[in-house]
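Spelled out, the chains give:
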Amino acid sequence: MKLQYFGTAAAEGVPALYCECPLCQKAKANGGKDIRTRSQSLVDDRLLIDLPGDTYAHYLKYGFDLSNIGHLLVTHSHSDHFYAEELVLRLSGYVPQVPQTLNVYGNQRVYDFMKRVFDLEGYWEKDRVDFHLVTPFESFPVLDYEVTPLAADHDQRETCLMYDITDGNRRLLYAHDTGEFPQETWDYLETERPFYHYVSIDCNHQADNSVRNHQGFPNNLKTRERLLALGIVDEKTEFVCNHFSHNSKLTHQEMLDLVTPHGFDVAYDGLIKEF
C-alpha cells in the first residue's frame, strides 16, 4: 500500500493565518517541510481521506487525478478535514461531465453539512456526489479494500472517526483527529485483533501531553505500547506522527529530534510512504 500526505497541519495551517508567533515566523523563513497545509491524504492514488479547503492547492501541487477519484473517507466535519462547499463544484452547473460518481463516506454531521451546501445551491445531483452514512466498527467495501471506521475521541458533538483500511494483504490505521483512543475502540481492537503494518497517528500537541481531543508524543508512546501489548503491531510496524499545530511550537526538524530516537517518523506535506 501507498499513503501520500498532502496536508499535515491542524486547522490554522503552519504558518497559521493571523499569527506571528515564533514558530510561524520560523516556518515562513524556513519554508520546505515547515510549511503545512490542512489535513488530507491519499491511499494508493485512488482512495482520498478528507477534503479540506486546501484540496485545490493540493491538486495543483501534487497533480493527483482528482476527477477520477470516486471514493472519499471523511474523518469528521471540521473544516480542516471537510469543506463541503468544494463538492458543489462537481455539479453540472460547474463542470459539463465527470467520469464517475464521488462516493462520500462519513458521519451524520458530514451529511448535514453536505445537504446544507446543496440546499443553498438549489440542487444535488447524486449521480455526481453521493453519500454513505458509516458507523463505528461496521466494515464496508470500497474498491478492493475493506474499510472499518473506529471511534475517535475528538469533538463530542459528532461521531468522529479513525479508519482501518486493508487491501487483504497490508493494513493501515489512520488515527486522526483523536486523543487517546476511547474504550470502545480498545474493546474492538482487543476482540478483532487486526494487525497493522502502518499507523498514522495524531500528534497535534507535539511534545506536550494531551489525553483528550488530540494527542501529543507522550500519548503516542502510550498508544503504541498498548497496541504492542495487544499484539496488533510489532517492531516492524511503521508509526508516523501527523497533524501538527503551530501552537505546539516545534519545527519539522525539532519533531524529528523528539521522535526518531523512539522509532517514529514525522509526516510533512508531500511525503509518500509505501509499506
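Above this note sits the structure.
Residues numbered from 1 in each chain as written. Predicted model: local features only at pLDDT ≥ 70, side-chain atom pairs only at ≥ 80, totals over all residues. Heavy atoms only, no water.

Turning to the overall build of the protein, a few remarks are in order. Of regular secondary structure, the protein possesses seven helices and 14 strands. Against the compact-globule benchmark of 19 Å for 275 residues, the protein has a radius of gyration of 18 Å, which places it among compact chains. With the principal axes as the frame, the protein shows a C-alpha extent of 50 × 50 × 35 Å. Within the protein, buried positions represent 55% of all 275 residues. The contacts in the protein between residues at least 6 apart in sequence include a share of 69% that link residues at least 24 apart. Carbon and sulfur atoms make up 48% of the accessible area of the protein, which amounts to about 11800 Å² in all. Across the protein, 25 positive and 42 negative side-chain charges occur, with their mean positions spaced 3 Å apart. (Helix = DSSP H or I, 4+ residues; strand = E, 2+ residues; numbered from the N terminus. Rg over C-alpha atoms; globule rule 2.2 N^0.38 Å. Buried < 20%, exposed > 50% of the residue type's maximum accessible area, 1.4 Å probe, protein only. Contact = heavy atoms within 4.5 Å. Areas by Shrake-Rupley, 256 points an atom, 1.4 Å probe, with all protein chains shown as cover. Lys, Arg positive; Asp, Glu negative; His and termini not counted. Charge placed at Lys NZ, Arg CZ, Asp CG, Glu CD.)

Two elements in contact, helix 5 (residues 183-192) and helix 6 (residues 217-230), have axes whose closest approach is 10 Å; the angle formed by their N-to-C orientations is 30°. What the angle tells us is that helix 5 and helix 6 run roughly parallel. By crossing handedness, the relation of helix 5 to helix 6 is classed as right-handed. Residues Gln 183, Trp 186, Leu 189 and Glu 190 of helix 5 lie in contact with helix 6, whose contacting residues are Thr 223, Arg 226, Leu 227 and Leu 230. For the contact of helix 5 with helix 6, the residue count by class is four nonpolar, two polar and two charged. (Axes fitted to C-alpha atoms, helices over the stretch in contact; angles between N-to-C directions. Parallel < 35°, antiparallel > 145°, perpendicular 65-115°, else oblique. Left-handed = near helix turned anticlockwise from the far one by under 90°. Nonpolar A, V, L, I, M, F, W, Y, C, P; charged D, E, K, R; others polar.)

With that settled, consider the side chain of His 252. The topology assignment puts His 252 in helix 7 (residues 252-259). If sequence neighbours within four positions are ignored, His 252 has contacts with Lys 33, Asp 34, Arg 36, Val 266, Ala 267 and Tyr 268.

Right, let's talk about the pattern of salt bridges for a bit. This model, assessed by the stated rule, comprises 14 salt bridges. One salt bridge connects Asp 119 with Lys 115, and the closest N-O pair in it is separated by 2.7 Å. Of this pair, Asp 119 and Lys 115 are both found in helix 4 (residues 108-121), four residues apart, which corresponds to roughly one turn of the helix. For Arg 128, the salt bridge goes to Glu 125, with nearest N and O atoms at 3.5 Å. Glu 125 carries the same exposure label as Arg 128, and that label is buried. Overlapping salt bridges, with partners in common, bring together Glu 238, Asp 265 and Lys 273 in one network. (Salt bridge = Lys/Arg side-chain N within 4 Å of Asp/Glu carboxyl O.)

Moving on, we come to the environment of Leu 271. In this fold, Leu 271 is placed in the loop between strand 13 (264-266) and strand 14 (272-274). Note on Leu 271: relative accessible area 7%, which makes it buried. Each C-alpha atom of the pair Leu 271 and Thr 8 lies 9.5 Å from the other, and the pair is 263 residues apart in sequence.

In this structure, Leu 189, Tyr 196 and Cys 241 are the most contacted members of the largest nonpolar core, which totals 27 residues. The contacts of Tyr 196, once residues within four sequence positions are left out, are Leu 150, Asp 164, Arg 171, Leu 172, Leu 173, Leu 189, Ile 232, Val 233 and Thr 237. Counting residues in each nonpolar core, the second largest holds 23 residues, with Leu 47, Val 142, Leu 161 and Phe 275 among its members. (Core = buried A, V, L, I, M, F, W, Y, C linked by side-chain atoms within 4.5 Å.)

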